[in-house]
Amino acid sequence: MKLIWQFTRKYKKLLLLDFVSVFGFALAELGIPTLIAQMIDQGINRDDPSVLYRFFGIVVLISVLGVCGTSLLAYCSTRISTNVTYDIREAVFNHTMRFSHAEMEKFGVASMITRTNNDAYQIMVFLQTILRSAMLAPVMIVVSLLLVTMTSLPLATIVFATIPVIVVGVVLFAKFSAPLSENQQKSLDAMNRILRENLSGIRVIRSFNNEPFEQKRFAKENEWYTSQTTRLFKMMSCTDPLFFFMMNLATIAIYYLSSLMLGRGAIEIGQVVAFIEYLFHAMMSVLVFCMVFMMYPRANVSAKRIEAVLETKSTIVSGAQRIGRIEDIRLEHVSFSYPNGEENVLTDISFEVKKGEKLAVIGSTGSGKSTLVKLLARFYDPTKGRILVNGKNIRDLDLSSLRSEMGFVSQKPHMFKGSIHDNIAFGLEQASFESVHEAATIAQAADFILERDEQYEEEIAEEGTNLSGGQKQRISIARALLKKSGLYIYDDSFSALDFKTDAKLRAALEPMRPDSIFIVVAQRVSTILDADKILVLDEGRIVGYGSHPDLYDSCAVYREIVLSQLSEKEVRAYAEKTDL
Ligand SMILES: Nc1ncnc2c1ncn2[C@@H]1O[C@H](COP(=O)(O)OP(=O)(O)OP(=O)(O)O)[C@@H](O)[C@H]1O
């Protein structure tokens, strides 16, 4: 609950107002029965209408105060709870944006969504109940019990005997319901995950006729969630009858005892009426208090889940040094293993690439090519060795300045909902139409964009479903080119292009070559033959590093890759054509 207080204390003035309005409400709710008791005993019983007139004005005044108190209470509690939930959501979102890939993978996307939406909502409901009712409850309980005791001590003992039974019932409920609430939230995470996987992978599921399996998988989780919720609701539904049973028992006992006392003249009828009112308020306040107690485990689970996110520090911490245009990258004995894996994915990698050079990275699938370029964008840090950019350790560099100096095209192009123009100018909202068109032209995307009805203003559907794989790749390449940075990293970004477009794209990039560093991860040999240096990876180790002719003669792995895609004749023809 530390989290709720941490976010709520910011609204001190509203909290104070909420507290003050509680007293206004309590005054009306408990003051009126006290005055009515007097009106009955001194006015009606003694046949004195002047008492009724006198008290009538006060009752009206207190009622008006009560209405003001209730309205103010509703206003303050709603403002505070909705603002706190807004703040929590914003804090979680902003904090998550700073997570490295390792933390993202630790929580998982589905769980992050549930935490930001559902858990924050649970906290809002809980806070609203606390501020609206639970702050009122202690005041009402204390004042009611005081009035009950002052009215009649023998009758008050009945009330004092009933309350502990209710409190014990609620404490037991809280104890048994906490694990159910936790299961509920976990199950919601799992359902979200399945839903997400199914919605984004619907084509694969359909093409493999796997709907029945997925339906079963979802139904199983749904059943588990429902069973936990049903158990929780069953427990909750037992508490109401228990409460009203205890309240009715107490009322009967009070009526019985008060009739004896009335007979003896030990109490007046007005006092009995007021006593029953006090009893009702005391019990209702105990019930509200208990309700908060019952909601506590669920809200506590949600608060802990949000705390876990907010307390997780990103393993990638930005350095302070800003960097200019990237002109040199050097890796020194870099090794890396993923946080969730024990084995090295990269081992002892060293190389250097400078402005004006094109470095190609090739190797079998799973050899660590993508991992290597992710280290350059500092999505992860090496577990051993260091990476130097312009001679400075990458860990000392300001992250946003580092990333703004590179154009990174990931293996899986990601499209955002919005126009083609917005997708290319992503992060550069002020980019002119001319610069966007120029980037699209180099990326060989302009032709297909101009053929569309609304050209650059054409809307891209969620996940880019209205674009082909090659079109998405070209838009991502244009997005990187628009940054006009010193370093371009293409992680297998030409794979969906046909040979002709691939060649045209490489030719269009050529004029930029003297001024930039190109790092190209590729599976297709023809894409990388013109690279200044080729890095051959095998099981995370460098097994070859040099130009195409050198490697073709000296590196067996490279030669094998080349000959798996080109005939010896084609290789010779290429060598003659390029004079290599
Ligand atoms: N996030 C991750 N967590 C744990 N292991 C990972 C993660 N990403 C990749 N790996 C593992 O690291 C190894 C290298 O993966 P990587 O994606 O770098 O290979 P790659 O050479 O780019 O493969 P491909 O050519 O198929 O894209 C693989 O064994 C892979 O299973």
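Residues numbered from 1 in each chain as written. Predicted model: local features only at pLDDT ≥ 70, side-chain atom pairs only at ≥ 80, totals over all residues. Heavy atoms only, no water.

Explain the site of the ligand residue by residue, including any values.
Inspection of the region around the ligand gives 15 residues, with Thr365, Lys369, Thr371, Gln411 and Gln523 positioned closest. In the model, a nitrogen atom of the ligand is placed 3.1 Å from a nitrogen or oxygen of the Glu105 side chain. At 3.1 Å, a backbone N or O of Ser367 approaches an oxygen atom of the ligand. With the chains in place, 67% of the 630 Å² that the ligand exposes on its own is no longer accessible. Broken down by element, the residue count for the shell around the ligand peaks at three residues, all from helix H11 (residues 369–376). When grouped by side-chain class, the residues that make up the shell around the ligand number three nonpolar, ten polar and two charged. (Near = heavy atom within 4 Å. Polar contact = N/O pair within 3.5 Å; in protein donor to acceptor, adjacent residues only side chain to side chain. Areas by Shrake-Rupley, 256 points an atom, 1.4 Å probe, with all protein chains shown as cover. Helix = DSSP H or I, 4+ residues; strand = E, 2+ residues; numbered from the N terminus. Nonpolar A, V, L, I, M, F, W, Y, C, P; charged D, E, K, R; others polar.)

With reference to specific residues and values, describe a negative patch on the surface.
Together, Asp422, Glu429, Asp453, Glu454 and Glu457 make up a region of like negative charge exposed at the surface. Relative to the assigned elements, Asp422 resides in helix H13 (residues 420–424). (Patch = residues over 30% accessible without salt bridge, like charges linked within 9 Å, V, L, I, M, F, W, Y side chains within 5 Å. Salt bridge = Lys/Arg side-chain N within 4 Å of Asp/Glu carboxyl O. Lys, Arg positive; Asp, Glu negative; His and termini not counted. Charge placed at Lys NZ, Arg CZ, Asp CG, Glu CD.)

Lay out the sheet that holds strand S1 (residues 328–336) with the relevant residues and their values.
Overall, antiparallel pairing links the four strands, which are arranged S2-S1-S4-S5 in an open sheet. The open sheet terminates on both sides in strands that have one partner only, identified here as strand S2 (346–354) and strand S5 (392–393). Taken together, the five bridges between S1 and strand S4 (residues 384–389) define a ladder with antiparallel strand orientation. Paired with Ile329 across the bridge in S4 is Val389. (Pairing = 2+ DSSP bridges.)

Could you give an account of the sheet that holds strand S3 (residues 358–363), with specific residues and numbers?
Strand order across the open sheet formed by six strands is S6-S9-S10-S3-S11-S12, with mixed pairing between neighbours. For this open sheet the edge positions go to strand S6 (406–409) and strand S12 (541–546), each flanked by a neighbour on one side alone. Direction aside, the axes of adjacent strands within the sheet are offset by 15° on average. Here S3 runs beside strand S11 (residues 533–538); their pairing, made up of five bridges, is parallel. Following the sheet pairing, Ile362 is matched in S11 by Val536. With respect to the sheet, helix H16 (residues 469–481) is in contact with S6 and strand S9 (487–491), its orientation differing from that of S6 by roughly 170°. (Axes fitted to C-alpha atoms, helices over the stretch in contact; angles between N-to-C directions. Contact = heavy atoms within 4.5 Å.)

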